[in-house]
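As a plain string of letters, each chain reads:
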Amino acid sequence: RYCGRGHVKGACQETCSFCPCGDEPGFTFTLNNGNERACSWLTRNDDKIEFRRNLYCYSDSFGAASGIGDACVSSCGFCL
């Protein structure tokens, strides 16, 4: 029931049949400035990983994954 959510998929890989844990191939998303990026962009700059993950990977302050987090499970840091 909850396996479609990125943060659950990453934490419960075996239960959700999501092994190995990774990003959805070919997935792209639009940044707030209108540019399109792949999941790997989230971790491309070590100094900005935490900021980018907080901005794009979560849908709320309780840690639920956004649509981007559901597709970019590894880049969002949800793989345990």
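We now turn to the structure provided with this report.

Rules used throughout
- Residues numbered from 1 in each chain as written.
- Predicted model: local features only at pLDDT ≥ 70, side-chain atom pairs only at ≥ 80, totals over all residues.
- Heavy atoms only, no water.
- Core = buried A, V, L, I, M, F, W, Y, C linked by side-chain atoms within 4.5 Å.
- Buried < 20%, exposed > 50% of the residue type's maximum accessible area, 1.4 Å probe, protein only.
- Contact = heavy atoms within 4.5 Å.
- Disulfide = S-S within 2.5 Å.
- Helix = DSSP H or I, 4+ residues; strand = E, 2+ residues; numbered from the N terminus.

1. Some points on the nonpolar core
- If you look at the biggest cluster of nonpolar residues, it comprises 17 residues, and the most contacted ones within it are Phe29, Leu42, Tyr56 and Cys72.
- The contacts of Tyr56, once residues within four sequence positions are left out, are Phe29, Thr30, Leu31, Asn32, Trp41, Leu42, Ser66, Ile68 and Gly69.

2. Things to note about the state of the cysteines
- Under the criterion given, the structure shown has two disulfides.
- Covalent S-S linkage joins Cys39 and Cys72, the inter-sulfur distance amounting to 2.0 Å. In this structure, the disulfide formed by Cys39 and Cys72 twists by about -70° around the S-S bond and is classed as left-handed. Of the two residues, Cys39 is situated in the loop between β2 (36-38) and α2 (49-56) and Cys72 in the segment after α3 (67-71); the sequence distance between them amounts to 33 residues. Accessibility assignment for this pair places Cys39 and Cys72 in one class, buried.
- The disulfide partner of Cys57 is Cys76, and the S-S distance across this bridge is 2.0 Å. Residues Cys57 and Cys76 are joined through a disulfide that is left-handed, its torsion about the S-S bond being -80°. Within this pair, whereas Cys57 is found in the loop between α2 and α3, its partner Cys76 is found in the segment after α3, the two being separated by 19 residues in sequence.

3. Let's talk about the environment of Asn54
- Tracing the sequence through the fold places Asn54 in helix α2.
- Classification of Asn54 by relative accessible area gives partly exposed; the value is 48%.
- Measuring from C-alpha to C-alpha, the distance between Asn54 and Ala71 comes to 15 Å, with 17 residues separating the pair along the chain.

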